[in-house]
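Structure assessment
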Amino acid sequence: MCGMPQQPPIRSTPTRPRRPDASMSLITNVMDHSLDDGYAEAAARKTAAGDGGMPRTLRAKLGLAAGLVLAALVVTVGAAQARVAAPVVAKEREELVDRIDRETEAADKLEGSVDRLREDVSARQREALKHSGGSAESEIVGIMSGATAVHGPGVKLVVNDAKEAGSGGGADPRETTGFSDTGRVRDRDMQRVVNGLWESGAEAISINGQRLTALSAIRAAGDAILVDNKPLVPPYTVLAVGDGQRLSTRFQNSADGLYLNALQESYGVRTGISAEDDLRLPAAPSVIVRTAQPSTEKSEKGTS
């Protein structure tokens, strides 16, 4: 036994259990180290220093609160400025209203003065006509010129806006003939009414107490109708002295009477006509002739 060579003893090493994912070392490394070392370090540094450890939701809440405080401050400052400016605006408005009242009062006084002067002129014209000789001819001239108040049988015609008359025209078919809305009486309507009455035999006409003469003008200023520059408001009452029943019939059968009837049927303009036994029309405020001159025998002989 001693001569046989001895072999070193065999030492058995314990075997480690084999991991089931040993063959997927690359995937395991990626899962265990999902971030590069540089990214991980940067994230840690940002968490430690950049945000100061403040949660993101808290920062959002603080920003929202700051925005609300700023909005409330702006609203408060605006309200304060409005309260400060309100008395100034009210004072300016009051001063403007007072100024309008003063100017309106002054205009009313001037208009009253003009009316008195016109009445004085009309009275002097009528007195001159009485003493000018040929009284019958002078009276006819005074009646036809509107310088003399008249009365007699005739026609009373009332023209009024439609009940639903408005200030808008839109797609109004009357716009093609110069009208701006359907149910409102316009100056051209009254012009046709007056011309139709003259043509039907009227000897004297007034609208809302305003006597018409050969120099009268019916015009529009906005929605108002002016007769000799005096604004009138509806309803428009037209008085025409003449043969009452005959004048009424002739006017209604005339082109202008049919035009008025068409306004009533198509646009709702309200009209009413009646024959009257006695109408009284005032004299025109003043009749001023600027160009025509009376003819004399000497001037006729000189020009012949």
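These remarks concern the structure in this document. Remember, it's a predicted structure, so these values are computed and weren't measured experimentally. (Residues numbered from 1 in each chain as written. Predicted model: local features only at pLDDT ≥ 70, side-chain atom pairs only at ≥ 80, totals over all residues. Heavy atoms only, no water.)

**Let's talk about the pattern of salt bridges**
On inspection of all chains with the given rule, the structure shows four salt bridges. The residue Asp161 makes a salt bridge to Arg184 at a minimum N-O spacing of 3.7 Å. Placement of the pair is Asp161 in the loop between β1 (150-160) and α5 (187-199) and Arg184 in the loop between β1 and α5, with a sequence separation of 23 residues. For Arg280, the salt bridge is made with Asp278, and the minimal N-O distance between the two is 3.8 Å. Of the residues examined, Asp278 reaches a relative accessible area of 42% and is grouped as partly exposed. (Salt bridge = Lys/Arg side-chain N within 4 Å of Asp/Glu carboxyl O. Helix = DSSP H or I, 4+ residues; strand = E, 2+ residues; numbered from the N terminus. Buried < 20%, exposed > 50% of the residue type's maximum accessible area, 1.4 Å probe, protein only.)

**Focus on the sheet that holds strand β4 (residues 218-221)**
Sheet architecture is open: three strands sit in the order β4-β5-β6, paired in antiparallel fashion. Of all the strands in the sheet, the pair left with one neighbour each is β4 and β6 (230-232). For this sheet the average axis-to-axis angle between neighbouring strands, irrespective of direction, equals 40°. Summarising the sheet, strand β5 (residues 224-227) and β6 pair through three bridges and their orientation is antiparallel. Looking at β6, one finds that Val227 is bridged to Lys230. Against the sheet, α5 makes contact with β4 and β5, and its axis sits at roughly 170° relative to β4, the strand it touches most. (Pairing = 2+ DSSP bridges. Axes fitted to C-alpha atoms, helices over the stretch in contact; angles between N-to-C directions. Contact = heavy atoms within 4.5 Å.)

**Section: the pairing of β5**
It is a general feature of regular strands that their side chains alternate between the two faces of the sheet. Of the pairings in the sheet, the one linking β4 to β5 comprises four bridges and is antiparallel in character. In the sheet register, Arg219 faces β5, and the bridge partner there is Leu226. The loop that links β4 with its antiparallel partner β5 comprises two residues; one of these, Gly222, has a positive phi angle of about 70°. Between β5 and β6, which pair antiparallel in sequence order, lie two residues; one of them, Asp228, sits at a positive phi of approximately 55°.

**Let's talk about the sheet that holds strand β2 (residues 204-207)**
The strand order across the open sheet formed by five strands is β3-β2-β7-β1-β8, and the pairing between neighbours is antiparallel. The strands lining the two open edges of the sheet, one partner per strand, are β3 (210-211) and β8 (270-281). Of the strand pairs in this sheet, β2 and β3 are connected by two bridges, and their pairing is antiparallel. Looking at β3, one finds that Ser206 is bridged to Arg211. Along the sheet face, α5 touches β1, β2 and β7 (236-241) and points at about 160° away from the line of β2.

**A look at the packing of aromatic side chains**
Summed over all chains, the structure comprises zero aromatic pairs. It is Arg192 that lies over the ring of Tyr259; its NZ or CZ is 4.2 Å from the centre. (Phe/Tyr/Trp six-rings, centres within 6.5 Å; stacked < 30°, edge-to-face > 60°. Lys NZ or Arg CZ within 6 Å of the ring centre and 35° of its normal.)

**Considering the nonpolar core**
Proteins that are soluble and globular tend to have nonpolar side chains buried together. In terms of nonpolar packing, the biggest core is built from 25 residues, with Met190, Leu197, Ile205 and Ile207 touching the most fellow members. At four residues, the largest contribution of residues to this core is made by α5. In this structure Leu197 touches Ala202, Ile205, Val238, Ala240, Leu247 and Phe251, once residues within four positions along its chain are discounted. Core analysis: the second largest hydrophobic core is formed by six residues, Val150, Ala204, Val241 and Leu281 among them. (Core = buried A, V, L, I, M, F, W, Y, C linked by side-chain atoms within 4.5 Å.)

**Brief notes about the packing of helix α6 (residues 244-253) against helix α7 (residues 255-267)**
For the pair α6 and α7, interaxial distance at closest approach is 4 Å and the crossing angle is 70°. Judged by the angle between their axes, α6 and α7 are roughly perpendicular. Of the residues in α7, those touching α6 at Phe251, Gln252 and Asn253 are Ala255, Asp256, Gly257, Leu258 and Leu260. Class assignment of the residues belonging to the contact of α6 with α7 gives a composition of four nonpolar, three polar and one charged. (Parallel < 35°, antiparallel > 145°, perpendicular 65-115°, else oblique. Nonpolar A, V, L, I, M, F, W, Y, C, P; charged D, E, K, R; others polar.)

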